[in-house]
Amino acid sequence: MKKNQDFTSLIPALLYAKKIAVLTGSGISAESGIPTFRGKDGLWKNFRPHELATPAAFSQNPKLVWEWYDWRRGIIADKKPNQGHKVLVEWEAHFPSFAIITQNIDGFHQKAGSRNVLELHGNIWKARCTKEGTILEICDTPLKAIPLVCPDCRALLRPHVVWFGESLDSDTLQKAFSLSSDCDLMFVIGTSAEVQPAASLPLTAVESGAKVVEINPDVTSLSSFVDFSFRGKAGEILPQINARLKQAISKRNN
Ligand code: OAD
């Protein structure tokens, strides 16, 4: 099936949408200078996930795992959210119901100003006590002491992120599925849709009758299921959609 890449046919659906859900992946932060995972220079092309992003890796070598996250925190710390993140902030203020479900751990949606954000895979700026489960926000870059220990009980702290082989937080996941099954429009931005359960959210939206819009320079396994496929960068396509939406709003109001 040929996908609709025409901005003008998306605008009427967007103009009258009441409930919007957005699923984002690392591609939305690519234009900010944050590496993706599976692209040419993606993290998983240069590092082995089982050595750095599994519970076993952490129990074998917590120092190495923390050093890797410290390095990633350093990359994120001096970068800024981009035009793509900023359009989503404007949309949250405009639409009656608007939520972002992100696989990203960089915190850029919140840094840009978005408030209704569900973080499926955690947040790189948080650490969790391996004994008591307490979650702390730690913003030092670089970290002062590696591996980090809990200030209360001295047990190891771990990054508050989801690793391979771990389950997602069940409340967060339930909310994500509920948003996906109860929206008029879902935007799927900058994800290869290769990681479950996040990759099932757009399919839930399709099955529930929502229109789904994909923004990605590349074809993904979702591309054949969506209603609109915009092949391009989020930081370029989202401002173009937003400009047309604003024109349509001012036309409707006059
Ligand atoms: P991937 O690296 O798998 O996919 C990134 C997607 O972004 C690709 O489809 C690119 O084509 C697209 N992309 C690149 N630049 C873009 C741009 N400027 N605008 C829009 N799209 C762009 O990253 P994710 O799908 O986020 O999980 O990966 C999902 C999960 O896999 C991550 O959350 C992480 C990883 O393992 C965990 O660590 C648990």
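Heads up: the structure comes first, above all this text.
What counts, and where the lines are drawn
Residues numbered from 1 in each chain as written. Predicted model: local features only at pLDDT ≥ 70, side-chain atom pairs only at ≥ 80, totals over all residues. Heavy atoms only, no water. Phe/Tyr/Trp six-rings, centres within 6.5 Å; stacked < 30°, edge-to-face > 60°. Helix = DSSP H or I, 4+ residues; strand = E, 2+ residues; numbered from the N terminus. Buried < 20%, exposed > 50% of the residue type's maximum accessible area, 1.4 Å probe, protein only. Lys NZ or Arg CZ within 6 Å of the ring centre and 35° of its normal. Expected span 1.5 Å × (residues − 1). Arc of directions from axis to C-beta. Polar contact = N/O pair within 3.5 Å; in protein donor to acceptor, adjacent residues only side chain to side chain. Contact = heavy atoms within 4.5 Å. Near = heavy atom within 4 Å. Areas by Shrake-Rupley, 256 points an atom, 1.4 Å probe, with all protein chains shown as cover. Nonpolar A, V, L, I, M, F, W, Y, C, P; charged D, E, K, R; others polar. Domains from an automatic or database assignment. Salt bridge = Lys/Arg side-chain N within 4 Å of Asp/Glu carboxyl O.

As for the packing of aromatic side chains
Part 1 of the argument: With the rule as written, the count across this model stands at 13 aromatic pairs.
Part 2 of the argument: Between Tyr 69 and Trp 163 the ring centres are 6.5 Å apart and the planes differ by 50°, which places this aromatic pair in the tilted class. You can see Tyr 69 sitting in helix 6 (residues 62-77) and its partner Trp 163 sitting in the loop between strand 6 (157-161) and helix 9 (170-181), a full 94 residues away along the chain. One exposure class covers both Tyr 69 and Trp 163, and it is buried.
Part 3 of the argument: On the basis of an interplanar angle of 90° and a centroid distance of 6.3 Å, the ring pair of Trp 91 and Phe 95 is categorised as edge-to-face. You'll find Trp 91 and Phe 95 in the same group, each marked buried.
Part 4 of the argument: In this structure an aromatic cluster arises from ring pairing among Phe 37, Trp 44, Phe 47, Phe 58, Trp 68, Tyr 69, Trp 71, Trp 163 and Phe 164.
Part 5 of the argument: Taking NZ or CZ as reference, Arg 158 lies 3.9 Å from the ring centre of Trp 163, over its face.

Section: helix 7 (residues 83-94)
Part 1 of the argument: Under the 1.5 Å per step criterion, the end-to-end length of helix 7 is 17 Å for 12 residues, consistent within 8% with the ideal 16 Å.
Part 2 of the argument: Buried within helix 7 are the following residues: Gly 84, His 85, Val 87, Leu 88, Trp 91 and Glu 92. In a view along the axis of helix 7, the buried residues occupy a sector of 155°, so they form one face of it.
Part 3 of the argument: At the N-terminal end of helix 7, a side-chain oxygen is found 2.8 Å from the backbone nitrogen of Gly 84, two or three residues along, and the residue is Asn 82.

Overview of the side chain of His 160
Part 1 of the argument: With respect to the secondary-structure elements, His 160 resides in strand 6.
Part 2 of the argument: Residue class for His 160 comes out buried when judged on its relative accessible area of 19%.
Part 3 of the argument: What His 160 contacts, discounting residues up to four positions off in sequence, is His 121, Gly 122, Asn 123, Lys 126, Ala 127, Arg 128 and Ile 135.

Here we look at the site of the ligand
Part 1 of the argument: As a structural note, the neighbourhood of the ligand is formed by 22 residues, with Phe 37, Arg 38, Thr 191, Ser 192 and Asn 216 the closest of them.
Part 2 of the argument: Between the ligand and Phe 37 there is a distance of 2.7 Å, counted from an oxygen atom to a backbone nitrogen or oxygen.
Part 3 of the argument: For the ligand, an oxygen atom lies 2.7 Å from a polar atom in the side chain of Asn 216.
Part 4 of the argument: Computed on the free molecule, the ligand has an accessible area of 800 Å², of which 90% lies beneath the protein chains in the complex.
Part 5 of the argument: Grouping the amino acids of the shell around the ligand by side-chain chemistry returns eight nonpolar, 10 polar and four charged.
Part 6 of the argument: When residues of the shell around the ligand are assigned to domains, at least three fall in each of domain 1 (1-34 + 82-121 + 168-254) and domain 2 (35-78 + 124-161).

Focus: the pattern of salt bridges
Part 1 of the argument: The full count for this structure, using the stated rule, is 10 salt bridges.
Part 2 of the argument: One salt bridge connects Lys 40 with Asp 41, and the closest N-O pair in it is separated by 3.5 Å.
Part 3 of the argument: A residue is classified by how much of its surface remains accessible, and Lys 40, at 71% relative accessible area, is exposed.
Part 4 of the argument: Between Arg 48 and Glu 51 there is a salt bridge, with the nearest N and O atoms lying 3.3 Å from each other.
Part 5 of the argument: For Glu 51, a relative accessible area of 37% gives the class partly exposed.

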